[in-house]
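Remarks on the overall topology
What follows is the residue order along each chain.
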Amino acid sequence: MATASSAEDKRTSSSAAQSVYASPTGESASVMSFRDSKTGFLGPTSYNAVFTENPGSLSVITEPYDASDPEPGGRLPPVSTEKIQQGAEVLSMLRDIPIYQRFTQRWFDLCDGIVVLQPVYWIWIDELWSDFGRLLQEGKPDQLRSLSELVWRNTRKPMKVHGQMTAREWARAASGRNLRWELVGTILSMVGLIAVNLSNWDSIFDSIREKFIDRATFAERMRKASEFCLCFCYESEVLNDIYACFMYEDLVLVECIKGDAHYAAWQRTGELCDAIVAMGLHQGNPVDAQTPFFLAELRRKIFISVYGHDKVVATFLGRPPRLSHRYCKMESPLDLSDDQLFLEGPELDACLSTLDANGWNTTGNLHRTTWLRVWFQHCRIREDILEIALGSNNSTGSDEDIALQAQQVRLKLERLHDSYPSFMRIPPEEIINASGGTTPSGYQNFGRSEKAMRQINAIFTLCIHAGIVHTEFLLQRALINRKRGLDGDCSTKELIPTSRRMLGLVLLAQSKRDFFRDFQGDLVYLLTVEGLPAAGVLAIELLKQEQSRIYTPDILPRSETIQDLSVFISSLATVGPGEGNFFICNQGRRALKRVLDQILSPNHHLQNASGPMFAGSLDPAVMGGAGGFGGEQDMGAAIGGAGSGGLYFPTGNDADFLSWLENVEWDKPGAWSVPGGSQEIGTQ
């Protein structure tokens, strides 16, 4: 057990000292913090670095902060009447805050906030409703326009923060009479995000069907209003912590409604990463004269959430990540709950004293931050694999260099897994099987109730373990793609069990859809991000074995794999047209169904039964790169390898592969081979 003095150390120096480049002046309260300035973070190669490094000789001239100036740091154009009216229309939606509270209470009964601290959120709601509840309920246009003008003025002013500020003071500084657009957007996006993750038949929608029709309509309304708030923040040139929280929640909402592959989601991801860097969150978030403890921890939580999300998006789309560990201080927040971060004085010190030297809590309680810490550490290694998979040949070196890189990555993975607390060693199956009974030892009060605890622990365990298996899957496929046949048989034999394990975890989650009724978005995430790549590899391997009549039941049992793929196809069919990833799931379902139909057809006749491409296991070209089954660069031309008359396989992204797999005419002679290198693809 740590002493009180060590608790104080964790509070004041849990990260390295703040870089001298973090602020243009080094002065504190009298000068506006760089996090709220129009410029943002400036690093050691910036235009003012020499001046910052030599404050005695070359002091940077700054204007003193004038509290009476409504727009310090530069004048903005006046807010137009049209924008004020648009703001009034958005604010009119807040008359339904009592309804929104039911949604947020539902979520907070399960666990902590996504990035916003739960106690802070309730202060925002209480302050807003206390000051403007009556006005919002009456809905008089003139009053709403006046309120809109007030919110515009508040938003165009920076939020002032100091090291002695409490979480309660910080929360009140953005709500009530200080209401800002980024806070309004956070409320609306959170409600929409909660709604979109509930099932269509959830009873919470019964009381609002007359007004909002259904879940999809309600969530889309929240998304559009959130988008207006985001535009208002753009025009007000906002750059602060609440804005970063808002951007993250809005991004996840857009992904849930429009899909992970939609350009709007990709664009929002880039804007969020840009904001994180401009705020300097990538360069550490220590407690200092301008940063209280709770805010430093919140900033770390924001950073690791965005960093991890960036790696998931890069993997799914086969695109380079935006945030690299090479330019970031990889600091995790302490393993504390939202309620604990809200504590002060001796109560906070008591919580800090329960943490071990690495910042993990020793009480056995699991929080959202606990799981974020696990995934953040894992994503650091995922980035190394993405470099192998997506990097150019010049950047990754020779085959021997790639093999050495892969060996080093595996050693890092082993060391990381050995360093995890005991709860990460409990198999997901044990957690799922205990979902209706006793919780396994090592899993304690993460949720607000026993049922919530089992539900939350189970979904986080499944998602993280599936992600860990996916990382190994990515490494194996990257090696197959980059090495081009060196030790190809061995690599493929390793890939098939990994694919089966990954698909098995996805099917395990789908078998408990009723139990995970509050996490429908996570179930769709598992289907698309983890399930489709694994199912694609297994389907192609089955197809190849069926043609060659060379089976490997010890690696790929035919009957069991066909059953698993059939169940997976049925799970894809549960994603309806109103879901963001419906197009991806529907395309994958049709493609995989065609493969199974071809395999199970009693009259099927596949060409080139004794062709060279079937002499061994899957050729590197069918595996493509590392993220998704076809989503990486340089996929390869044919299953048979260069120069052989093998199965044509398109170069491109996941959509290219799905379209090809769905439309190729398997029964047409020559339709799916490439004799002489020409592409003879028949389509329906």
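The residue count restarts for each chain, going from 1 along the sequence in the order it is written. This being a predicted model, a pLDDT of at least 70 is required before a residue's local features are given, and a value of 80 or more before pairs of side-chain atoms are given or counted; all residues contribute to the totals for chains, interfaces and linings. Where side-chain values are given, they derive from all heavy atoms of the structure, hydrogens and water being excluded.

1. Considering the overall build of the chain
- Along its length, the chain carries 26 helices and 0 strands.
- By the burial criterion, 60% of the 684 residues in the chain qualify as buried.
- To measure how exposed things are, a 1.4 Å probe is used in the Shrake-Rupley method; for residues, cover is taken only from the protein chains shown. Surface exposure of the chain reaches about 27100 Å², of which carbon and sulfur atoms provide 51%. Here a strand is any run of E in DSSP of at least two residues, a helix any run of H or I of at least four, and the numbering for each starts at the N terminus. Residue burial is assigned from relative accessible area. The probe radius is 1.4 Å, only protein chains are included, and a residue is buried under 20% of its type maximum, exposed over 50%, and partly exposed in between.

2. Structural notes on the pattern of salt bridges
- What counts as a salt bridge is simple: a side-chain nitrogen of Lys or Arg found within 4 Å of a carboxyl oxygen of Asp or Glu. For the coordinates displayed, the defined rule picks out 29 salt bridges.
- Salt-bridge contacts for K301 lead to D338; the nearest nitrogen and oxygen are separated by 3.5 Å. On the criterion of sequence distance, the pair formed by K301 in helix 13 (residues 293-317) and D338 in helix 14 (residues 338-341) is long-range, its members being 37 residues apart. As far as burial versus exposure is concerned, K301 and D338 are alike and both buried.
- With its nearest N and O atoms 2.5 Å apart, the salt bridge here joins E429 to R501.

3. Describing the nonpolar core
- Take the buried residues of types Ala, Val, Leu, Ile, Met, Phe, Trp, Tyr and Cys, join any two whose side-chain atoms come within 4.5 Å, and each joined set is a nonpolar core. One finds F103, Y121, W124, W170, W181 and F568 to be the most contacted residues of the largest nonpolar core, which totals 192 residues.
- For this analysis, residues touch if any pair of their heavy atoms sits within 4.5 Å. Apart from residues lying up to four places away in sequence, F103 is in contact with V191, I194, A195, L198, I204, F205, I208 and F218.

4. Observations concerning helix 13
- Here, expected helix span is obtained from the residue count minus one, scaled by 1.5 Å. With 25 residues, helix 13 should cover 36 Å at 1.5 Å per step; its first-to-last C-alpha distance of 37 Å lies within 8% of that length.
- The buried count for helix 13 comes to 25 of 25 residues, which makes it a mostly enclosed element.
- Backbone geometry just downstream of helix 13 places G318 in the positive-phi region, at approximately 65°.

5. Focus on the state of the cysteines
- The term disulfide is used for any two cysteine sulfur atoms that are within 2.5 Å. Counted by the stated rule, this structure contains 0 disulfides.
- Cysteine C231 shares no disulfide, and the gap to the nearest cysteine sulfur, in C233, comes to 9.3 Å.
- This cysteine, C328, is not joined by any disulfide, and C273 carries the nearest cysteine sulfur, 9.2 Å off.

6. Topic: the environment of G588
- Tracing the backbone through its elements, the reader meets G588 in helix 24 (residues 582-600).
- For G588, a relative accessible area of 0% gives the class buried.
- In this structure the C-alpha to C-alpha distance between G588 and L572, which are 16 residues apart in sequence, comes to 7.8 Å.

7. Brief notes about the environment of V374
- Among the secondary structure elements, V374 is positioned in helix 16 (residues 368-390).
- Given the relative accessible area of 0%, V374 is considered buried.
- For the pair formed by V374 and S332, sequence separation is 42 residues and the distance between their alpha carbons is 9.4 Å.
- In contact with V374, not counting residues within four places along its chain, are W360, Y420, F423, M424 and I464.

8. Focus: the packing of aromatic side chains
- In this scheme Phe, Tyr and Trp rings, the latter by its six-membered ring, pair at centre separations within 6.5 Å, and the angle between planes marks the pair as stacked below 30 degrees, edge-to-face above 60, and tilted otherwise. Tallying each qualifying case throughout the model produces 20 aromatic pairs.
- Centroid distance F103 to F205: 5.7 Å. Interplanar angle 55°. Geometry classified as tilted. One end of the pair, F103, is in helix 4 (residues 97-108); the other, F205, is in the loop between helix 8 (181-197) and helix 9 (209-212), and 102 residues separate them in sequence.
- Classification of F205 by relative accessible area gives buried; the value is 1%.
- Feature note: the residues Y100, F103, F205 and F218 constitute an aromatic cluster, connected by ring pairs.
- A positively charged side chain is recorded as over a ring if its NZ (Lys) or CZ (Arg) lies within 6 Å of the ring centre. The angle to the ring normal must also be within 35 degrees. Between the NZ or CZ atom of K311 and the centre of the ring of Y307, over which it lies, the distance is 3.7 Å.

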